[in-house]
Amino acid sequence: MTETGVRAREVDVVVVGAGAVGENVADRASRTGLDVVVVEDELVGGECSYWACMPSKALLRPGQVLAAARRLPGAAEAVTGQLDSARVLARRTTFTHDWDDSSQVEWLDSAGLGLVRGRARLDGPRRVVVTGADGEVELSARHAVVLATGSVPVLPDVPGLALARPWTSREATSADTVPGRLVVLGGGVVGVEMAQAWARLGSTVTLLARSGLLSGQEEVAGRLVADALRADGVDVRFGAELAEVSRPTGEGEVTVTLADGSTIVADELLVATGRRPATEGVGLETVGLEDGGSLEVDDTGLVAGVEGRWLYAAGDVSGRVKLTHQGKYDARACGDAIAARAAGELGERAEPWSRYAATATHRAVPQVVFTDPEVAQVGLTAERAEREGLRTRVVDVDLASVAGASLLADGYTGAARMVVDEDRRVVVGVTFVGQDVAELLHSATVAVVGEVPLERLWHAVPSYPTVSEVWLRLLEAYGL
């Protein structure tokens, strides 16, 4: 039920941003009867639905299936030819509904949530002004305003880069043709996923990274992914820095000049060097904060430095973990806290691990990198655990030694690492690298979040012959 022709309205909660995070905040806040309106100036469903999570994984999946078949004698002989790029791109587009948000709007309506189309700005305490095609709408919130505006790509300050109209993650996941030559700048998740996706679709890909791949993960993850990219024909270059980019007309060939004077000519340049919270232009200065500045939030999403406890933020804009599933988790806590405070059932502080506090975001964040091999990690890496002063023991197991892995693929390559807090004898971090390891991650997440003692974890018997038997091998290697 899109609001049109409304010039002023008072509601209980205004949520700015109708992506996955905003939808979750709105849904949870409205479940106790609060009147909630969502504001969106692009597509309802947001970045994840149309330009990130779903289309990127749709681009990756066909190549993973083909590669998996080629690792199995009998199946390999049945596989002929290469990927049909046109069919892959067409299937990708089905996941974005051809960039049409009608079904998402229908969901908002079914959940009893209002929608105002347009660009939102804070205009003082509890007030949001929305500028849209039908003019301005003024919304006043009785209880809360939630910023769920996400994040935006960051372009390095390189001469000629902005004028060259490089791809960001949006263009990389929505392109309707395969570029003949693609340069990818950045060795993070977006960089490695899109480098592999487009290489397997037929593009000649060069990946430029200042250091290794997937910084922040265990070292073995970046090493095995780099090996896989090279096996797919990707030219992976470490220590590469851009000096200049030239594309005089903003289209056609792009020339990338590196700091060592060498050049690369490509059809497209993807810049995947990070994102920043989208706080610029949302009116923070009208409530005593800095326009474009960072936000500090507690585990309920409440923004610090604003009087009256009415401004919240969730997802990428909050400056916390930039992952859709973790943003949705933060959003659920935020929405529940807003509803509880509106009902007088929750004070300023929420108890850790209660439904009102996103406690797990501090030390139990799961993440999957959907390359082939996949990287699945939760909790603390060995390096971070050491930085935080924990007395740890690190256990490594060759994932290929597990019977279930040998059934998945001949020549299976993988690794598993468990980081144990020795003082409490609980698992604080787990990393799996290998084909099809993503579905192993939730068991690790439960172990980390639940702080399951190792002696009790020993009694969680993995089924044979599955890759989950790696848990037995890790515990045996630990000494149980």
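Before reading on, note that the structure itself is shown above.
About the cut-offs
Residues numbered from 1 in each chain as written. Predicted model: local features only at pLDDT ≥ 70, side-chain atom pairs only at ≥ 80, totals over all residues. Heavy atoms only, no water. Helix = DSSP H or I, 4+ residues; strand = E, 2+ residues; numbered from the N terminus. Buried < 20%, exposed > 50% of the residue type's maximum accessible area, 1.4 Å probe, protein only. Core = buried A, V, L, I, M, F, W, Y, C linked by side-chain atoms within 4.5 Å. Contact = heavy atoms within 4.5 Å. 1 Å grid on protein atoms, 1.4 Å probe; cavity = no way out; pocket = protein on both sides within 12 Å on 5 of 7 lines; lining within 4 Å. Points joined across faces, edges and corners; volume = space filled by probe spheres on them.

(A) Structural context of the environment of L472. With respect to the helices and strands, the residue L472 is situated in helix α14 (residues 470-478). Put simply, L472 and R393 are 79 residues apart on the chain and 17 Å apart in space, counted from C-alpha to C-alpha.

(B) Here's a closer look at the environment of L454. Structurally, the position occupied by L454 is in helix α13 (residues 454-457). Its relative accessible area of 0% is what places L454 among the buried residues. Separated by 30 residues in the primary sequence, L454 and R424 place their C-alpha atoms 9.3 Å from one another.

(C) Region of the structure containing the nonpolar core. Counting residues in each nonpolar core, the largest one holds 35 residues, and the members touching the most others are W198, L213 and L229. Of all the elements in the fold, those that place two or more residues in this core are α3 (53-70), α4 (85-95), β8 (181-185), α7 (189-200), β9 (204-209) and α8 (219-231). Discounting chain neighbours no more than four positions away, the residues touching L229 are V192, A195, Q196, L207, L213, V234 and V236. By size, the runner-up hydrophobic cluster in this structure holds 33 residues, among which are V402, A438, V470 and L475.

(D) Fine view of the layout of surface pockets. In this structure, the second largest pocket spans a volume of roughly 430 Å³. As for the second largest pocket, its lining consists of 23 residues, of which A67, R71, R200, A228 and D372 are closest to the centre. Looking at the lining of the second largest pocket, the elements with two or more residues in it are α3, α7 and α8.

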